[in-house]
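Below are the chains, spelled out letter by letter.
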Amino acid sequence: MILLLILPLIFSAIMGIFRNIFLSKLLTLIFSFYFIFYVIYSLFHTSQHFTPYFEMNALSCFFLFIEALLVLVVTLYQLAYFKGESNIGDRFNRYCIFYLLFIFSMSGFILTTNFGFMWIFLEASTLSSTFLVDYRSTKGSTIAAWRYVFICTIGVAFAFIGIIMLSKGSAPFGGTLFVSDLIAHAQAINPLYLKMAFAFIILGMGTKVGLAPMHAWLPSAHSEGPSPVSALLSGTLLNVALLGIIQAYRILESAHLAAFCQDLFMIFGLLSLLFSASYMLNCTNYKKMLAYSSIENMGIIAIGLSLGPIGYLAVIIHIVGHSLSKASLFLTSGVIEKMYHTKRIEGVKGLAVRSPLVAFVWILSFLSLIGLPPFPIFFSELLLIYAMIQSGHYILLCVFIILITLIIYGMGSSVFSMSFGKATHTKFIFKNSSLLLAGQLGLLLIMVVIAFYMPSAIHTLISNAVSIL
Amino acid sequence: MENMLILLFCLVTLVGEVKSRVSSHIKVIVWQGILLFLIFIFDSTGAPIASIIFIGIEVLLIRAIVIPIILNRILGSTESHFEAEHKLSSFYSLLIMALLFISGFFIAYGVNKLFTGISPLQFGMAISTILMGLYLILSRKKMISHIMGYVIMENGILLLSFSLLGDMPLLISVGVLIDFFIGILLFRYYTLKIFQNGYDKRGKI
Amino acid sequence: MILILNSVAIILFPLFLPGLIEKIKSLLCGRVGAPWHQSFSDFIKLLQKELLLSKSSSFISNLAPLPVLISGLIAALFVPLINGYSLFNFPFDFVLFAYFLGFSKMMTLLLAMDSGSSFEGMGASREVKFTLLLEASLFLVFASLILVSRQTVLTQMIQLYHLKAPQTIIFVLLLIIIFFVFMLLECSRMPIDDPNTHLELTMIHEVMVLDTSSVHLAFFNYANGLKLYLFMNLIINTVIPQTHEILLGLIYNCVAVLILVLIIAFIETLYARIRLSRLSEFMLLTLIGAFILLTLILYMNGANH
């Protein structure tokens, strides 16, 4: 585990010293391969320690697995994506450095067991991904990066207040911030401290997750960055921040205050769905549409968490499904943007005519996102609806179904209007590189395969993760 | 004596709301830094003298001197002087800020019954300052006003952590400071970039 | 004896105070200015002039100035004057005091709206907006005074000099400032209202009495001075100890009135009138100050239990 954390730092130092593009690409590729091998290895060797601060259990292994998969796909993708850019050079070098630092901060957050370190890694992830968003340095992206860093820094400051309250609450036991200690002593902590701490943590880390109404930075930041960055932000960063909230939730759960947290989750989840639905009905920018869909899915996950233990399996499956399909959607949208040079939906027509393979991947990813079988989101939404009926939240069920239908309608009309129709005559000729689509096809394949056959290791991983929750 | 200081700490934020110039907000931040230092000196008990002096000087130095200097540089280089423009009218803005200030008292009163071991006025005023800083961020149009609101919020968070944890443990204080600092530097970088490329209109995005 | 002295003070002081302020203002500006008894001479002159009433106004224009004068005089009954002695007092008399002041203001507003010109209606609406906020702060100040001094008679409530605790200094300061602002509003002084302007855009109080002449105008001027004197006495009696020596009390009162007159003249010279859109913010700030005062006192009382 030491290597996983130290390697990005060493590699980025080397890249900073040598500033060679080929070396940068090679190092990122090496690291992503190492990452995925390490995660597969740790599937069979769960529960390892580094120091008391970093520990691997089933939940963190699960999140790490998704991150490793996405990092591999995105690294392969970005080798071919940045080929046609004009000022490749020093800028791309800095991009690779910040890219590795970003991955380091995310994996550090997942692995750490101390709230203080979690906070440090969260802040580091904001700071390192700001440059990634602002890679192209246009007006839209600079303003988006400014909004991102500002709102997320405020959010992280709120999370800090929550962590201080947790520390004050555990002062009788020495002011510990370790998750396991807090869970063990949760009953003895003053419940008011726990409640206030959770409220601040969900407000703060919810900013990074993208729960409405703290989502103001998400549409612009996810749509203005280059597509591999958007895929990573949507696919992993939101999950990572969600893990932070889940750790706090576990503490309150063992103190029997789960009902309070579930109310908060429900409020934020419904608000996210509402905001997302209100945009989707008339969207003009397909990358913003995908960003709002991230907000919606995070809202669905929050609602899943609010249903109590019956919803946990649905939440885990939904996290998997959302990350993989959102990543493939973003990467495909990058290909579309390279072909049509516009981000507006009206500017893209006749994808099926110009390039049937791209259209196939685009539509298939979209279908996987909205929940068609055999993709995982189908199962997760089914389980969610079953859990809602079981726990008697009928009104919630109706509102949920109406909002999701609206979102599917909005997204679907945009996606299909982009794919079919007469091809517009454009002057841009674009040579498709196979690398650009291989990743998405791989992800989609994985999702289909999971439905029918799951290796036993992954099966035990998921069930352990659920039991930890 | 320290009650007076805590009250003044929150009152200067209110005063900063009334004045309409952006540079008066910087003076508010300077006053808050000095008051924080004084509160810290008057109220810390039990910790070794060296630690108190070190943290006190660090608070004074960074929050009352270095941060305002950086803010002044941002102000000068992005040429967004003069009025801090409101989105609401200044009358209702003042009303809301005053309500937030008074709610600090009510929070202090409510907390007094429920918690033990913390100073209630400090807690209430700290939360009130955080809310006022948040309101400053939400209700102003200029980017520099947003940054000022963030700094005021950070000052409130420092007071809050001080009231909850007694004296500041060194690690937390240094960690917060580093984060705060890097945040401000990054803000400066981006505001400068936005200004130099002409993406803003007199300081507003 | 004190009774006669106070009654004479009520009649004489308001006639001379505005003239004094004007004289000091002129001296500060480097002019010689009108003589210090100018307001008294104006009063006499106005009494000898002919009364003119507009044809488009109703009986209210004839009627209104008298209640203004009389309610001012009745309100003066409750205020502690020389030696901290008020001509008439009973528990909770400050309510009557505030309401009589409000009544006189209401009569002025009726007079303004009765004259039929939109000019005066505009001044009336401006005046009401500011009075709204400031009346609330006045009552909050009275409430905090009751809490601090535990008396309900205005004369005894005001006397804060015998409270020894150090935090009462802040209370006294805040109190004096709020009373001062109220005085500036009621008597239409800068920086709330310019008493010398007759420009349409800038008049607030002057415009309401624009149409009055001779006796009515004399009454309004006198009522203005009376309110000035009453609020000055409220401020004075907060800090000056009550004595039983008549001469000593008279000297205290005159000196303090002179000091306050100097302060008002300085403020009028140094400050321009606050922009109208800012003025409502200023009033709100005073209201907030009064509210903070009350909350502070409640908190200190609660914390002591």
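Everything quoted here is computed from the prediction, not taken from an experiment. (Residues numbered from 1 in each chain as written. Chains lettered and ligands numbered in written order. Predicted model: local features only at pLDDT ≥ 70, side-chain atom pairs only at ≥ 80, totals over all residues.)

A few points about the overall build of chain B
Heads up, the rule is: Strands are runs of DSSP state E lasting at least two residues, helices are runs of H or I lasting at least four, and both sets are numbered from the N terminus onward. We compute the radius of gyration from the C-alpha atoms alone; for a globule the expected value is 2.2 Å times N to the 0.38, where N is the number of residues.
A tally of helices and strands in chain B yields 7 helices and 0 strands. When the elements of chain B are put in sequence order from the N terminus, they spell out α-α-α-α-α-α-α. Over its C-alpha atoms chain B spans a radius of gyration of 17 Å, differing by no more than 12% from the 17 Å that the globule rule assigns to 205 residues.

Focus: the overall build of chain C
Put simply, the rule is: Burial in this document is a count-based property: other C-beta atoms within 10 Å of a residue's C-beta are tallied, and the residue is buried at 20 or more, exposed at 12 or fewer, or partly exposed in between, with C-beta positions derived from the backbone. Think of it this way: build a C-beta for each residue from its backbone, and any pair within 7 Å is a contact.
Counting its secondary structure elements, chain C contains 11 helices and 0 strands. Reading chain C from its N terminus to its C terminus gives the helix and strand order α-α-α-α-α-α-α-α-α-α-α. Taking 305 residues into account, the globule formula puts the C-alpha radius of gyration at 19 Å, and chain C, at 19 Å, falls close to it. For chain C, the spread of C-alpha atoms along the principal axes amounts to about 65 × 45 × 40 Å. When the 305 residues of chain C are sorted by exposure, 44% land in the buried category. Of the contacts made within chain C by residues no fewer than 6 positions apart, 77% connect residues no fewer than 24 positions apart.

Points about the packing of helix 11 (residues 258–280) of chain A against helix 17 (residues 394–419) of chain A
All names here are of chain A. Going by this rule: Note on definitions: angles span 0 to 180 degrees between N-to-C directions of axes, and those axes are lines fitted to C-alpha atoms, for helices only across the stretch in contact. When an angle is under 35 degrees it counts as roughly parallel; over 145 it counts as roughly antiparallel; between 65 and 115 it counts as roughly perpendicular; any other value is oblique. Take the far helix as the reference: if the near one is turned anticlockwise from it by less than a right angle, the crossing is left-handed, and if turned clockwise, right-handed.
Contact geometry for helix 11 and helix 17: axes closest at 9 Å, N-to-C directions at 30°. The orientation of helix 11 relative to helix 17 falls into the category roughly parallel. Between helix 11 and helix 17 lies a crossing of left-handed hand. Residues L270, L273, L274, S276, A277 and M280 of helix 11 pack against V399, L403, L406, I407, G410 and M411 of helix 17.

Structural notes on the interface of chain B and chain C
Note the following rule: Charged means Asp, Glu, Lys or Arg here, nonpolar means Ala, Val, Leu, Ile, Met, Phe, Trp, Tyr, Cys or Pro, and polar covers whatever is left, Gly included.
Every contact between the two is made by 9 residues of chain B and, on the other side, 9 residues of chain C. Tallying contributions element by element places helix 4 (residues 90–114) of chain B first for the side of chain B that touches chain C, with 8 residues. Split into classes, the residues belonging to the side of chain B that touches chain C amount to 8 nonpolar, 1 polar and no charged.

Details of the environment of F40 of chain B
Residue and element names in this part refer to chain B. Along the chain, F40 falls in helix 2 (residues 22–43). Taking the C-alpha atoms as reference points, F40 and S163, separated by 123 residues in sequence, lie 9.9 Å from one another. Apart from residues no more than four positions distant in its own chain, F40 is found in contact with G56, V59 and F162.

Thoughts on helix 5 (residues 115–133) of chain A
Along an α-helix, a turn takes 3.6 residues, which lines up residues three or four apart on a common side. Convention followed: Working rule for helices: expected span equals 1.5 Å times residues minus one.
Across its 19 residues, helix 5 of chain A extends 27 Å between first and last C-alpha, which sits within 8% of the 27 Å expected from 1.5 Å per residue. Burial runs high along helix 5 of chain A: 15 of the 19 residues are buried.

Considering the arrangement of the chains
The interface with the most contacts, out of 2 pairs of chains in contact, is the one formed by chains A and B. Contact between chain A and chain C is absent, and the minimum C-alpha spacing across the pair is 22 Å.

Comments concerning the environment of F400 of chain A
Residue and element names in this part refer to chain A. By the secondary structure assignment, F400 is in helix 17. On the basis of neighbour counts, which here come to 21 C-beta atoms within 10 Å, the residue F400 falls in the buried class. Residues F400 and V415, spaced 15 residues apart in sequence, show a C-alpha to C-alpha distance of 22 Å.

What about the nonpolar core?
To be explicit about the condition: By convention the nonpolar core is taken to be a set of buried residues drawn from Ala, Val, Leu, Ile, Met, Phe, Trp, Tyr and Cys and joined through C-beta atoms within 7 Å.
Counting 321 residues, the largest nonpolar core has A159 and F160 of chain A together with L160 of chain B as its most contacted members. In terms of residue count, helix 6 (residues 139–169) of chain A provides more of this core than any other element does, 20 residues in total. When neighbours within four sequence positions are excluded, F160 of chain A is seen to be in contact with W119 of chain A together with I157 and V176 of chain B.

A word on the interface of chain A and chain B
Between chain A and chain B, the contact holds 21 residues from the first and 23 residues from the second. Taken together, the elements giving at least two residues each to the side of chain A that touches chain B come down to helix 5 and helix 6 of chain A. Sort the elements by how many residues they give to the side of chain A that touches chain B and helix 6 of chain A lands first, with 16 residues. Residue classes in the side of chain A that touches chain B are distributed as 14 nonpolar, 4 polar and 3 charged.

Here we look at unusual backbone geometry
Residues A212 of chain A and P213 of chain A are joined by a peptide bond in cis, for which omega reads 0°. Within the fold, P213 of chain A resides in the loop between helix 8 (191–209) and helix 9 (218–224). The backbone of S137 of chain A sits at a positive phi, close to 55°, despite the residue not being glycine. Unusually for a residue other than glycine, S214 of chain C sits at a positive phi of about 35°. Its place among the elements puts S214 of chain C in helix 9 (residues 214–239). Given 15 C-beta atoms within a 10 Å radius, S214 of chain C is considered partly exposed.

Coordinates in, geometry out; function isn't part of it.
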